[in-house]
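# Descriptive structure summary
Okay, here's what each chain looks like letter by letter:
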Amino acid sequence: MQDIYLSDHYAELNPNWHEEDSPWKARQIENIIRKNGLQFDTLCEIGCGTGEILLNLSRAFPEARFAGYEVSPHAYQRAKTKETDRVSFHLSPSAGEERTCYEVLVVADVIEHVDDYISFIKGLRARGRKAIFHIPLDLSVQSILRGWPIMNLRANVGHLHYFFKDTALATIRDCGYSVIDYSYTASRLELPNQALSSRLMRLPRRMLYSINPDLAVRVLGGYSLLVLAE
């Protein structure tokens, strides 16, 4: 499956690399950083795509320096043209051969794409003192009953693994991390350019979420999990 990133296949399916989602994702990361009072001078993103999340974070935290690592040559070439004096991009599947340890590591919507995601997460332990994961919660009652949402994610954006809240948190802990904080993010409700089916589900998702967040996410889906760990 990784061939879709090493070739131009993913870019052909997703020509803008979901850049329109990046400001929203950066805000979620900024929120959990500020909520927990994290102070940092260096932040690294693994699987940075075309770099837009990092560029947004660099504006939110103007004193810090940022590095992004990306396995796709196509995405890296787009990111490289956006480098600044505080934001650098690197073509690499991990946090660099220089073995730099960053104060904060960001892994946003990545682990579901990785063949051996357990080894991948364990390999990140030495690369950052704190880690922020954003993980789509693709498993819900409605997604399993309908079937095609999960299969479309597999075919069009390369999701290989599917999580709900408990398996996502258990995975992070099993890989040696301690979970400091986590929260749901309303990815299918708030991200731009959503499919008609997602737009129609906004009201029932919001209504059930206001009553019981865990039940809403398990039954109707549409949310992701943001996790701060160390």
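Just above sits the structure.
Residues numbered from 1 in each chain as written. Predicted model: local features only at pLDDT ≥ 70, side-chain atom pairs only at ≥ 80, totals over all residues. Heavy atoms only, no water.

## Some details on the overall build of the protein chain
For the protein chain, the helix and strand inventory stands at 13 helices and seven strands. For the protein chain, the C-alpha radius of gyration of 17 Å lies close to 17 Å, the compact-globule estimate for 230 residues. Overall size of the protein chain, expressed as C-alpha extent along the three principal axes, is 45 × 40 × 30 Å. Sorting the 230 residues of the protein chain into buried and exposed places 50% on the buried side. Taking the intrachain contacts of the protein chain between residues at least 6 apart in sequence as the baseline, contacts between residues at least 24 apart amount to 72%. Carbon and sulfur atoms form 53% of the exposed surface of the protein chain, whose accessible area is close to 10,700 Å². Within the protein chain, the 28 negative side-chain charges are centred at a point lying 5 Å from the centre of the 26 positive side-chain charges. (Helix = DSSP H or I, 4+ residues; strand = E, 2+ residues; numbered from the N terminus. Rg over C-alpha atoms; globule rule 2.2 N^0.38 Å. Buried < 20%, exposed > 50% of the residue type's maximum accessible area, 1.4 Å probe, protein only. Contact = heavy atoms within 4.5 Å. Areas by Shrake-Rupley, 256 points an atom, 1.4 Å probe, with all protein chains shown as cover. Lys, Arg positive; Asp, Glu negative; His and termini not counted. Charge placed at Lys NZ, Arg CZ, Asp CG, Glu CD.)

## Observations concerning the pairing of strand β7 (residues 224-229)
Summarising burial for β7: six of the six residues are buried, a large majority. Burial of the side chains of β7 extends over both faces: Ser224, Leu226 and Leu228 are buried on one face and Leu225, Val227 and Ala229 on the other. As defined by bridge partners, strand β5 (residues 128-136) adjoins β7 across six bridges and the pair is classed as antiparallel. Each residue of the ladder has a partner; that of phenylalanine 133, found in β7, is valine 227. (Pairing = 2+ DSSP bridges.)

## Some words on the packing of helix α12 (residues 202-211) against helix α13 (residues 213-220)
Running from N to C, α12 and α13 cross one another at 145°; their axes reach a closest spacing of 6 Å. Contacts between α12 and α13 involve Pro204, Arg205, Leu208, Tyr209 and Ile211 from the former and Pro213, Leu215, Ala216, Val217 and Leu220 from the latter. Tallied by class, the residues present in the contact of α12 with α13 amount to nine nonpolar, no polar and one charged. (Axes fitted to C-alpha atoms, helices over the stretch in contact; angles between N-to-C directions. Nonpolar A, V, L, I, M, F, W, Y, C, P; charged D, E, K, R; others polar.)

## Quick word on the packing of aromatic side chains
Per the stated rule, a full pass over the model turns up eight aromatic pairs. Ring geometry for tyrosine 184 against tyrosine 223: centres 6.2 Å apart, planes inclined by 65°, an arrangement best described as edge-to-face. You can see tyrosine 184 sitting in strand β6 (residues 179-185) and its partner tyrosine 223 sitting in the loop between α13 and β7, a full 39 residues away along the chain. In this structure, tyrosine 184 and tyrosine 223 share a single accessibility class: buried. Taken together, the aromatic side chains of Phe40, Phe61 and Phe66 make up a single cluster linked through ring pairs. (Phe/Tyr/Trp six-rings, centres within 6.5 Å; stacked < 30°, edge-to-face > 60°.)

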